[in-house]
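Summary of the model geometry
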Amino acid sequence: KNLSYLLSICEYCCLHLTMILNKACLFNAIVFSLASASRELFVHSSARSTIGRALPLKHGRTPRQKSTKLSDSAVNDAYHNQKRQSHVELKYVEFSRRKNSGGGVSKGDPVVLLHGLLGQKRNFASLGSNLASQLKIMRRIYAVDLRNHGENTHDWREEMSYSDMAEDVLAFLDKHGMERAILIGHSMGGKVAKSLALSHPDRITGLVVLDISPVTYTAQDPSWKAVQGIIKSLTEVQLIPGKTKSDIDKDLRESVEDPALRQFVLTNLEVDDNEILRWKINIDAISNQLHKIASFDVNWSSSLEENDTRLLQEDGQKPENEYRYEGDLFLIKGGASSFVKGSHMPLISKRFPNYMLTTIRGAGHWIHAESPDATLALLKKYLDRY
C-alpha cells in the first residue's frame, strides 16, 4: 500500500511537471516569435525613419560595410550615395586669361557662373572672358549649363528642385578639384548658388547673386506671371518640319512682345540632323517643375556630419537658427526690376547675415546683359577683395 501510494504521488508530480514544461516551451516560443517580429519591425522602422530624416555623410563618402546587420548608418549611406550618383554631369566652359593681360599678384579660389531660367553658359561669354583677363587676382573662371539647359541634352531630368541643381554644381566642384569656390548666379542660378551655400557653407567662399531673392514667387508678382506666360507659350510652339526660327519668332510675338526677350528665348532652338528645329532645353520638365523653380528649397541635412543627428528636429529639419550662411553675399539688384523687394530683406538678412545690397539704376532683370560695364566693375571690385 505504501509503495502504491508513493507511485501515485510520483505519477501526479510527473504529470504536473510535464504540464509546466509544456507551458514553459510554449511561453519561450511566444517570446522568441515576438522578439523576432520586434527585431524585424525595428530594422524596417529604422530604415524608414533614417531615410525620412535624410541624414547624410560627407559628400563623396562611400558606404562602410562593417557587418551584414542593417543599421541606420548603412541605410543612410546607401540613400545619400544613391542621391549623389544621380547628379547631372554639367557641361561647362573655362575662360582663359589672355597672354597680354599681365600676371596677377596671387591666385584665388575659382569662380563658377550660373545662368538663369532659359539661359545657358554662353550668356556669360563676354563677362567670363573679361573677368579672366582683368582681375588682379588670378582665378579660374567657369560657366556651366544647369540641368535641362544648354548642352546637357545628354541627360535630361524630370526633377528641378534647387537642392538637386545645387548637388549638380557640388559634383562639378568635386570633379574639378575645387575645395572652395565663389559662385555668381543670375536669377534661377542665383537661387541655386544660395541653396548650395546654405547646404555646404564650407565649400563656398563667397556669393554674388544677380537680381533674385530666396523666396517663392507667385502669379501675383507681375514679373513671375510674365515668366509663366513665356513658358506656357513655348510649350505650345509646334516644331514641325519646314519651320524656321523666323516662323517661331512670329508665333511668339503676341505672348512675348519684347523683341530682345524673344531673341533670347530663340537661342534655345537648334536644328537636328534632319534639318528640323528642336529645343535644347527640356521644356516639358521646366513647365512641369515651374512651381519648384518659383520656390526655394535647400537640402538642409546635407551639411550635417554623421554624428550631428542632435541638430535635427523630429521632422528631420534643422532648427531655425541653423539656416544661415555666414560668408559674404553680394546682392546686385536691377533698378527697373521687381524681383528683389524691400519686403524680402528680413529673410535675406536672417539667412545671409553678411549681405551687401547694391542697385544698378535703369537695369532690368537681365543685369549683366543690359548693364555689362557696371556689372563687370562691381564684380571686379568684389572678387579682388579675396
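That block above? That's the structure.
Parameters at a glance
- Residues numbered from 1 in each chain as written.
- Predicted model: local features only at pLDDT ≥ 70, side-chain atom pairs only at ≥ 80, totals over all residues.
- Heavy atoms only, no water.
- Helix = DSSP H or I, 4+ residues; strand = E, 2+ residues; numbered from the N terminus.
- Buried < 20%, exposed > 50% of the residue type's maximum accessible area, 1.4 Å probe, protein only.
- Contact = heavy atoms within 4.5 Å.
- Areas by Shrake-Rupley, 256 points an atom, 1.4 Å probe, with all protein chains shown as cover.
- Expected span 1.5 Å × (residues − 1).
- Pairing = 2+ DSSP bridges.
- Right-handed = clockwise from strand over helix to strand, strands pointing away.
- Core = buried A, V, L, I, M, F, W, Y, C linked by side-chain atoms within 4.5 Å.
- Phe/Tyr/Trp six-rings, centres within 6.5 Å; stacked < 30°, edge-to-face > 60°.
- Polar contact = N/O pair within 3.5 Å; in protein donor to acceptor, adjacent residues only side chain to side chain.
- 1 Å grid on protein atoms, 1.4 Å probe; cavity = no way out; pocket = protein on both sides within 12 Å on 5 of 7 lines; lining within 4 Å.
- Points joined across faces, edges and corners; volume = space filled by probe spheres on them.
- Nonpolar A, V, L, I, M, F, W, Y, C, P; charged D, E, K, R; others polar.
- Axes fitted to C-alpha atoms, helices over the stretch in contact; angles between N-to-C directions.

Some words on the overall build of the protein chain
What the protein chain contains, in helices and strands, is 13 helices and nine strands. When the 386 residues of the protein chain are sorted by exposure, 45% land in the buried category. Residue pairs at least 24 apart in sequence account for 76% of intrachain contacts in the protein chain once pairs closer than 6 positions are excluded. Of the roughly 20300 Å² of accessible surface on the protein chain, 54% is carried by carbon and sulfur atoms.

Remarks on helix α4 (residues 162–175)
Taking 1.5 Å as the rise per residue, α4 with 14 residues should run 20 Å; its terminal C-alpha atoms sit 20 Å apart, in good agreement. Counting buried positions along α4 gives 12 out of 14 residues, so the element sits mostly inside the fold. Immediately beyond the C-terminal end of α4, within one or two residues, lies Gly-177, with a positive phi of roughly 65°.

A few points about the pairing of strand β4 (residues 181–186)
With six of six residues buried, β4 lies mostly within the body of the structure. The alternating pattern of β4 places Ala-181, Leu-183 and Gly-185 on one face and Ile-182, Ile-184 and His-186 on the opposite face, and all of these are buried. Relative to β4, strand β2 (residues 111–114) runs parallel, the two sharing four bridges. Looking at β4, one finds that Leu-114 is bridged to Gly-185. Inspection of the sheet shows β4 paired to strand β5 (residues 204–210) by six bridges, in the parallel sense. The residue of β5 that forms the bridge with Gly-185 is Val-209. A crossover connection joins β4 to the parallel β5 through helix α5 (residues 188–199); in handedness this β-α-β unit is right-handed.

Focus on the nonpolar core
Residues Val-112, Leu-117, Leu-118, Leu-207, Leu-234 and Ile-293 are the most contacted members of the largest nonpolar core, which totals 66 residues. When residues of this core are assigned to their parent elements, the largest contribution, seven residues, is made by α4. The residues touching Val-112, leaving out its near neighbours within four places in the chain, are Tyr-142, Val-144, Phe-172, Leu-173, Met-178, Ala-181, Ile-182, Leu-183 and Ile-184. Counting 23 residues, the second-largest nonpolar core is a separate cluster that includes Phe-95, Leu-113, Leu-131 and Tyr-382.

Here we look at the packing of aromatic side chains
Counting across every chain of the model gives nine aromatic pairs. Here a set of aromatic residues connected by ring pairs shows up, and it is made of Tyr-92, Tyr-142 and Phe-172.

Focus: the environment of Lys-243
Here Lys-243 lies in the loop between α6 (222–236) and α7 (245–251). Separated by 32 residues in the primary sequence, Lys-243 and Glu-275 have C-alpha atoms spaced 9.6 Å apart. In this structure, Lys-243 is in contact with Gln-238, Ile-248, Asp-251 and Leu-277, ignoring residues within four places of it in sequence. Within the structure, Lys-243 has its side chain in polar contact with the side chain of Asp-251 (distance 2.6 Å).

With respect to the layout of surface pockets
Each pocket or cavity is described by its volume, and for the largest pocket that value is around 470 Å³. For the largest pocket, the lining is made up of 24 residues, of which Asn-123, Phe-264, Trp-366, His-368 and Ala-369 are closest to its centre. Those elements that provide at least two residues to the lining of the largest pocket are α3 (125–134), α8 (259–266), α12 (367–370) and α13 (372–383). Residues that form the lining of the largest pocket fall into these classes: 11 nonpolar, nine polar and four charged. Here the second largest pocket defines a volume of roughly 400 Å³.

Notes on the sheet that holds strand β3 (residues 141–144)
Here seven strands make up an open sheet; going across it, the order is β1-β3-β2-β4-β5-β8-β9 and the pairing mixed. For this open sheet the edge positions go to β1 (92–95) and β9 (355–360), each flanked by a neighbour on one side alone. Strand-to-strand twist of the sheet, defined as the mean angle between neighbouring strand axes without regard to direction, takes the value 20°. In this structure, strand β8 (residues 328–334) lies alongside β9, joined through six bridges in parallel fashion. Following the sheet pairing, Leu-331 is matched in β9 by Leu-357.

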